[in-house]
Amino acid sequence: MSFKSLIDEIENNLHKILEDMSISDIQFTVEPAKPGFGDVSSNISFLLAKSLKKSPKEIANLMSEKYRKSQNILVSKVEPHPTGYLNFFADWEKLSQLILSESNLNEFGSIDLGNNSQIIVEHTSVNPNKALHIGHIRNIVLGDTVARILKKSNYKVNVLNYVDDSGLQVADIIVGFKHLGFDQQSPTGKKFDHYCGDDVYVKTTEKYEQDPTFEEIRKNTLKELEDGTSETAKFADMITRRVLENQLETCWNLGVYYDCLNFESQIIRSGLWSKIFEKLKEMNLVEFENDGKNAGCWIIRGEDNEEDKVIVRSNGTATYIAKDIPYAAWKLGLIDDPFSYKKYEKTQPGSQILWQTTLTESNEPKQNFTGNKVITVIDSRQARLQKIITGLMSKFKSTDDAYVHLGYESVTLSSDTAQTLGLDTDGKQAQMSGRKGLYVNADAVYDLLKNKTIEETKKRHAEMSDSEIEQIAHYVSVGTLRYEMIKQDLDKMITFDLTKSLSLEGDTAPYIQYTHARASRIIEKSARPPSIDVDFSLLNDPSELSLIKIIGLFEIYVLDAAKNLSPKVIARYCHDLAVAFNSFYEHVKVLELGDEKLENSRLCLVHSFKITLDKALKLLGITAPDKM
RNA sequence: GGGCUGGUAGCUCAGCUUGGAUAGAGUGCUGGACUUCUAAUCCAGUGGUCAAGGGAUCGAAGCCCUUCCGGCCCGCCA
């Protein structure tokens, strides 16, 4: 409970006071205070001003009088502020002991929001016809981070990756292989996914413009893909699985793991659509148009002045969105599961088993990858389609928030970066385009970052072995990439600039990781294990107290992040922790003080900081090295 | 035309859900701190009509309305 214990104590006491005054229904806040205003503040006086017909200042005086008679354990002082706020000061000796002891528990920062219920997080979901670019990374890191935060919040999380293996984009590279003579092996030194995206896909798309007869080939290829039994479909399956494997390598390298891979081709062949379509008709969620521009089609009525959406064409075939409806229903466990499950051919790093769906018999036991709640991470360009799905699911499930579209703005390229890729944008940022070859590959960014961090680490540690340096550089590069993708709010565009992305100073992962290395070094040098059995009253420097305070706020931020599906909250928390530690580091020494008691107390704090930062960074999928 | 979304310091962004105290970071620029537990650091200074206007409120960056400017989406494509 840590800092929350203090807040709870104050809240309870204030409620009792209101009860004695026969006042109810006041939704006052009790929050960590801004610096300079005590430790906790409440706005209660402002809210009482009207009903008591007194100024906030007078009420603050009154309330603090009453509060002083309450039973106080962690509060040492109450102070009415002339503005009307009620400011509380903690008994830091007690609170420090509470926070620092609790921070030693493995479950420190864990909260119970999910009540151990099953939840699905779907992310990544990229066409397996190209390598992952920096825009995909935002999706992947966002989804992975949300999954980690939800686990910490007592949800049973299953992470899905929907492999879009039967669309037009896949057809395009198949056309390249089958009709343009592209070799099935990538050139030496080039990953197969890069080859498919950079060469096969881009060149094939160019060909359509030069030679319109290829459009026909494209259409036929798409048709053959959806059939499933065709030679083309089998060939495509082989190719897309090779690409998928390469894409997964990129994800795994970033510390992103999954529970199950779902294949679009199998959803199509499973026949789930026709079942859902019947249900939609029964529930009157779709309508048949007899006339108008959509005559002969089944449509979903548009809301908010939006156009109706065709879901079954007049020729009887289903449109794109129709594939998403059964899949969404499947994720929510609303339809009988037609799939068997088998383990993915390659094992993920770590212990997590990776399953995949199959329509053929399997010796493996049936799995359950459904949830009462489903979070689908897709960029906000798909907001409209997702809104339709969300609407349908809320009717199926009769709850509003069972299906959540977690949208985010896309990643664009800075004009400088676009220029290095050969596009003059006249100083404006540019949307990435796989088709035009205008993108920055995720692997390439990682490599650049890694080379740079290897260089930086070598500068500082001439004595280190190559493998040790490589390990550190890996953690720092992954951390940097992940942090940049997560620190910004979801509704803000990220303009990616190749040069700026290599910055390792300021509000970046290395800044935060560096504080961890500093803390580790102190503990290592002290040559004795940190103990919790110390004199907490010795920790009274402002820099010590503010560090303890921030450590104690961990769970409050986890709750905020989980409730609002807002991973940047944790990124900011990590940054706050790091800032507080750096300030502590500059202000007070820990070692060789000639005062063993004080050293032990500070060592205890350093250790608490280190393990708390470690836990918080873990939620972001970032590892902090002991040296860097 | 309709829907969604953003506009806060030169630049990149927090704060807005739940109105209240001196609107915060990073970066940039200026100056300072390494014989010290790692300077990927710290300290100080600089920098703001919170897009504009109106409304409700004792009180608005925040809530409501209008306008302006940017981005995205709006196919019987996927």
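What comes next is a walk through the structure.

What counts, and at which threshold
Numbering of residues starts from 1 in every chain and runs along the sequence as written. Throughout, the order in which chains and ligands are written sets their labels, letters from A for the former and numbers from 1 for the latter. The predicted nature of this model means local features are confined to residues of pLDDT at least 70 and side-chain atom pairs, given and counted, to a pLDDT of 80 or more, with totals for whole chains, interfaces and linings taken over all residues. Calculated side-chain values reflect all of the structure's heavy atoms, with hydrogen atoms and water omitted. Each salt bridge in this description consists of a side-chain nitrogen of Lys or Arg and a carboxyl oxygen of Asp or Glu lying within 4 Å of one another. A run of H or I in DSSP counts as a helix once it spans at least four residues, and a run of E counts as a strand once it spans at least two, with each numbered from the N terminus. Only protein chains enter the accessibility calculation, which uses a 1.4 Å probe; a residue is then buried when its area is under 20% of its type maximum, exposed when over 50%, and partly exposed in between. Only when DSSP finds a minimum of two bridges between them are two strands counted as paired. When the strands point away from the viewer and the path from the first strand over the helix to the second turns clockwise, the crossover is right-handed. Residue contacts are counted whenever heavy atoms from the two residues lie within 4.5 Å of one another. Working rule for helices: expected span equals 1.5 Å times residues minus one. Nearness of a residue to a molecule or strand requires only that one of the residue's heavy atoms be within 4 Å of it. Residues adjacent in sequence count toward polar contacts only when both atoms are side-chain atoms; beyond that, a polar contact is any pair of N or O atoms within 3.5 Å, and within protein one must be able to donate a hydrogen and the other to accept it. Classification convention: Asp, Glu, Lys, Arg as charged; Ala, Val, Leu, Ile, Met, Phe, Trp, Tyr, Cys, Pro as nonpolar; all other residues, Gly among them, as polar. Angles shown run from 0 to 180 degrees and are taken between the N-to-C directions of axes, each axis being a line fitted to C-alpha atoms and, for helices, limited to the stretch in contact. To sort the angles, those under 35 degrees are grouped as roughly parallel, those over 145 as roughly antiparallel, those from 65 to 115 as roughly perpendicular, and the leftovers as oblique. If you view the pair so one helix is near and one far, a crossing is left-handed when the near helix is turned anticlockwise from the far one by less than a right angle, and right-handed when it is turned clockwise. A patch consists of residues whose relative accessible area exceeds 30% and which take part in no salt bridge; residues with like charges are grouped when within 9 Å of each other, and nonpolar side chains (Val, Leu, Ile, Met, Phe, Trp, Tyr) when within 5 Å. For the accessible areas, the method is Shrake-Rupley and the probe is 1.4 Å, while residue cover comes only from the protein chains on display.

### Here we look at the pattern of salt bridges
Now for step 1: Summed over the entire model, instances satisfying the criterion amount to 39 salt bridges.
Now for step 2: One salt bridge in this structure joins Lys323 and Glu226, with 3.8 Å as the shortest N-O distance. Placement of Lys323 in helix α12 (residues 321–331) and of Glu226 in helix α8 (residues 213–227) is noted, with a sequence separation of 97 residues between them.
Now for step 3: Exposure remark for Glu226: the relative accessible area of 34% places this residue in the partly exposed category.

### Thoughts on the pairing of strand β6 (residues 156–163)
Now for step 1: Most of β6 sits out of view: seven of its eight residues are buried.
Now for step 2: Pairing geometry for strand β5 (residues 118–122) and β6, over five bridges, is parallel. Counted as the bridge partner of Val121 is Val159 from β6.
Now for step 3: Once you follow β5 into helix α5 (residues 134–152) and on to β6, the crossover reads as right-handed.
Now for step 4: Sheet topology note: the β6/strand β7 (residues 260–263) ladder contains four bridges and is parallel. Note that in β7 the partner of Val163 across the bridge is Phe263.

### Brief notes about the environment of Gly176
Now for step 1: Relative to the helices and strands, Gly176 is located in helix α6 (residues 168–179).
Now for step 2: Spatially, the C-alpha atom of Gly176 lies 58 Å from that of Val606, the residues being 430 residues apart in sequence.
Now for step 3: Ignoring anything within four residues of it in the chain, the contact list for Gly176 reads Gly181, Phe182, Val200 and Thr204.

### Looking at helix α15 (residues 442–460)
Now for step 1: Helix length check: α15 (19 residues) gives 27 Å between terminal C-alpha atoms against 27 Å at 1.5 Å per residue, within 8%.
Now for step 2: Its buried side turned inward, α15 meets α5, α7 (192–210), α9 (231–253), α16 (466–486) and β17 (494–496).

### Details of the protein's contact with RNA strand B
Now for step 1: Taken together, 62 residues form the shell around RNA strand B, and within it Phe37, Arg313, Lys492, Tyr514 and Arg521 come nearest.
Now for step 2: For RNA strand B, the fraction of protein-proximal atoms (within 4 Å) that sit in sugar or phosphate groups is 63%.
Now for step 3: In the environment of RNA strand B, a base nitrogen lies 3.1 Å from a nitrogen or oxygen atom belonging to the side chain of Asn87.
Now for step 4: Contact distances for RNA strand B include 3.2 Å between a phosphate oxygen and a backbone N or O atom of Met493.
Now for step 5: Broken down by secondary-structure element, the contributors of at least two residues to the surface near RNA strand B are α13 (383–397), α15, α17 (509–526) and α20 (568–587).
Now for step 6: No other element matches the eight residues that α17 contributes to the surface near RNA strand B.
Now for step 7: Partitioning the surface near RNA strand B into residue classes produces 22 nonpolar, 17 polar and 23 charged.

### Some words on the packing of α6 against α8
Now for step 1: Their axes nearest at 9 Å, the elements α6 and α8 cross at an angle of 115°. Considering the angle they form, α6 stands roughly perpendicular to α8. The way α6 lies across α8 gives a crossing that is right-handed. Every residue of α8 that contacts α6 at Leu168, Val170, Ala171, Asp172, Ile174, Val175 and His179 is listed here: Phe214, Ile217, Arg218, Thr221, Leu222 and Leu225.
Now for step 2: For the contact of α6 with α8, the residue count by class is nine nonpolar, two polar and two charged.

### Comments concerning the sheet that holds strand β2 (residues 40–42)
Now for step 1: A sheet is described by the order of its strands in space; here four strands give the open sequence β1-β2-β4-β3, paired in antiparallel fashion. Strand pairing shows two members of the sheet lacking a second neighbour, β1 (30–32) and β3 (75–80), which therefore form its edges. For this sheet, the mean angle separating the axes of adjacent strands, direction not counted, is 25°.
Now for step 2: Two strands pair when backbone bridges link them, and β3 and strand β4 (residues 86–90) are joined in this way by five bridges, in the antiparallel orientation. Counted as the bridge partner of Glu79 is Asn87 from β4.
Now for step 3: Where helix α3 (residues 56–67) meets the sheet, its contacts fall on β3 and β4, and the angle it forms with β3 comes to roughly 160°.

### Considering a nonpolar patch on the surface
Now for step 1: On the surface, Phe46, Leu47 and Tyr85 cluster together into a nonpolar patch covering about 250 Å² of accessible area.
Now for step 2: Position of Phe46 among the secondary structure elements: in helix α2 (residues 44–52).

### Examining the packing of α7 against α9
Now for step 1: Where α7 contacts α9, the two axes come as close as 8 Å, and the packing angle between them is 110°. By the angle class used here, α7 and α9 are roughly perpendicular. Residues Phe192, Asp193 and Cys196 of α7 form the contact with α9, whose own contacting residues are Ile239, Arg242, Val243, Asn246, Gln247 and Thr250.
Now for step 2: Class assignment of the residues belonging to the contact of α7 with α9 gives a composition of four nonpolar, three polar and two charged.

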